[in-house]
Amino acid sequence: MKVRFILNNREVEVDVDPREILLDTLRYRFGLKSVKRGCERGECGTCTVLINDKPVYSCMVLTVQVEGQRITTVEGLVNDDLFKKIIVSFAEKGAIQCGFCTPGFILTAYALYRIKDKPSIEDILKALEGNLCRCTGYKKIVDALTSIRS
Amino acid sequence: MFYVLPRFNYYRPNSLDEVLKLINELENYKILAGGTDLLIDMRIKRYTPRNIVDINRINELQYIREDNEYIRIGSLTRLQDIIESNIIREKLPLLYNAVYNMASWQIRNRATIGGNLCNASPAADTAPPLMVYNAKLVVSSINGSREISILDFFKGPRETDLRNNELLVEIKIPKPHIHGYSYRKIGRRNAFTLSIVAIATYVEIENNIFRDVRIALNSVAPKPVRAWSVEEYLKNKRIDREEIYKASELVVKDISPISDVRASADYRRKLSIILIRETLFEASKITG
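Quantities reported herein were computed from a predicted structural model and do not represent experimental measurements.

**A word on the packing of helix 2 (residues 81–93) of chain A against helix 3 (residues 102–115) of chain A**
Residue and element names in this part refer to chain A. Where helix 2 contacts helix 3, the two axes come as close as 10 Å, and the packing angle between them is 130 degrees. The orientation of helix 2 relative to helix 3 falls into the category oblique. Considering the relative orientation of helix 2 and helix 3, their crossing is right-handed. Each of Leu82, Phe83, Ile86, Ile87 and Phe90 in helix 2 lies in contact with helix 3, whose residues at this interface are Thr102, Phe105, Ile106, Ala109, Tyr110, Tyr113 and Arg114. For the contact of helix 2 with helix 3, a count of residues per class yields ten nonpolar, one polar and one charged.

And the structure:
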């Protein structure tokens, strides 16, 4: 089945079986390895992508469902100022250890800052509840995100 | 692909009429709304439907509206849209609280209220608030529409009163009178967790007397339940600490919990009693 969508600001078309999930399409057909395979059951957040600017788990979406939608991964944000601010802050605060969860956290944080300039700590914690990190204990991730509030 | 979904025929109708025609003809189908339960259940082979009917194009099923008598929620309304709605936050605080505590942002952006109800998990978190609000569910087929009280909708774990050719289209909630309320959800962690027990408590009080008491719980029976025995005991009684204690013990008549990976039956029974007390105290604004 042919599916057309916008991937990182570029129009793309793929021909997929209806049972193919977006996670696999992004990793195998487009080589976007920032989209991590974690639990594949909507519990870990490491496969997070943005669909029309909203964070969703790409393991829970069929590729045929994104016809006409706009998909964003971190690869599509490298020239974005807000994105740069977030990754610099992650680096400065040491909010990364193994890095496996990082693209998911960055996208969720990016989506939050797109809709709220000055999120409260509660807003930040609430937004991040669907991203798990097994290394940092979240403190540094939250520090990285609170320090860029302005 | 580590987990591969079973093969299926994919249908993507563009209107409600088309959906109703399709599901009238198809056998062995599943409706794909948010997909956050269905796709996982297909991956673990709980369901292997031959046909998938994707209703995500049916925008006419996404709305939150208010008229004189009812608040109406389209079945395809996303959970995130529910907690971002002022109508829901102001008029249906128990539903707001329940949905706010469901899953995660990523899931709430996809998952729908209709999907949560039709999946009919004993742990469905939208059920307890809708059950204390006495919500009605509007279901449609090519033959027309009918209304089912949410109190009659759940038949057992993952079983509902829906017929094969029917689609849930609207959740219709009578506007509540002035009331006290309290919601609690206990899980294994605070955020992004399945309920061990969730409870919605609603009270109407007049001159220090319980005029109406409605309590619903999930995860303590094969389907979400009302605590009828507790409600009956308290109705028209004075608000009193001792009476609330007595009433709370009666909940064991209304529930039949099992032991599972999340908690034991005994723990759930004790928790239900304690939560009934706590929520009644909070809803009636007295301290335990």
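Okay, back to it.
**Some thoughts on the sheet that holds strand 7 (residues 144–149) of chain B**
All names here are of chain B. An order of 4-5-10-6-7 is seen for the five strands of this open sheet, with the pairing classed as antiparallel. Across the chains shown, the open sheet's two edge strands, defined by having one partner strand only, are strand 4 (64–66) and strand 7. Direction aside, the axes of adjacent strands within the sheet are offset by 25 degrees on average. In terms of strand pairing, strand 6 (residues 136–141) meets strand 10 (residues 167–174) through five bridges, oriented antiparallel. Note that in strand 10 the partner of Val139 across the bridge is Leu168. Together, strand 6 and strand 10 form the strand contacts of helix 1 (residues 16–25), whose direction differs from that of strand 10 by roughly 120 degrees.

**Here's the deal with helix 1 (residues 22–29) of chain A**
All names here are of chain A. In terms of burial, helix 1 is a largely internal element, six of the eight residues being buried. Buried positions along helix 1 lie against strand 1 (2–7), strand 2 (10–15), strand 3 (48–51) and strand 5 (70–72). Looking one or two residues past helix 1, Gly31 carries a phi angle of roughly 65 degrees, positive in sign.

**Section: unusual backbone geometry**
All names here are of chain A. At Asn9, a position not held by glycine, the phi torsion is positive, near 70 degrees. On the secondary structure map, Asn9 appears in the loop between strand 1 and strand 2. Relative accessible area serves as the criterion here: at 66%, Asn9 is assigned to the exposed category. Positive phi is not limited to glycine here, since Glu40 has a value of about 55 degrees. When you line up the elements, Glu40 lands in the loop between helix 1 and strand 3. The exposure class assigned to Glu40 is buried, which follows from its relative accessible area of 4%.

**Remarks on the domain arrangement of chain B**
Residues and elements named next belong to chain B. When its domains are assigned, chain B resolves into domain 1 (9–54), domain 2 (62–174) and domain 3 (180–284). Its C-alpha centre places domain 1 at a distance of 19 Å from the equivalent point of domain 2. Carbon and sulfur atoms supply 59% of the area buried between domain 1 and domain 2, which totals about 1,300 Å² over both sides. At the junction of domain 1 with domain 2, the criterion picks out one salt bridge. In this structure, the salt-bridge partner of Asp41 is Arg158, at a minimum N-O distance of 3.5 Å. Viewed at the interface, domain 2 and domain 1 are joined by three residue pairs in polar contact (both at pLDDT 80 or more). In terms of residue count, helix 1 provides more of the side of domain 1 that touches domain 2 than any other element does, six residues in total. Of the residues belonging to the side of domain 1 that touches domain 2, the class tally is nine nonpolar, three polar and four charged.

The rules behind each value
Residues numbered from 1 in each chain as written. Chains lettered and ligands numbered in written order. Predicted model: local features only at pLDDT ≥ 70, side-chain atom pairs only at ≥ 80, totals over all residues. Heavy atoms only, no water. Axes fitted to C-alpha atoms, helices over the stretch in contact; angles between N-to-C directions. Helix = DSSP H or I, 4+ residues; strand = E, 2+ residues; numbered from the N terminus. Parallel < 35°, antiparallel > 145°, perpendicular 65-115°, else oblique. Left-handed = near helix turned anticlockwise from the far one by under 90°. Contact = heavy atoms within 4.5 Å. Nonpolar A, V, L, I, M, F, W, Y, C, P; charged D, E, K, R; others polar. Pairing = 2+ DSSP bridges. Buried < 20%, exposed > 50% of the residue type's maximum accessible area, 1.4 Å probe, protein only. Domains from an automatic or database assignment. Buried area = accessible area lost by both parts, 1.4 Å probe. Salt bridge = Lys/Arg side-chain N within 4 Å of Asp/Glu carboxyl O. Polar contact = N/O pair within 3.5 Å; in protein donor to acceptor, adjacent residues only side chain to side chain.

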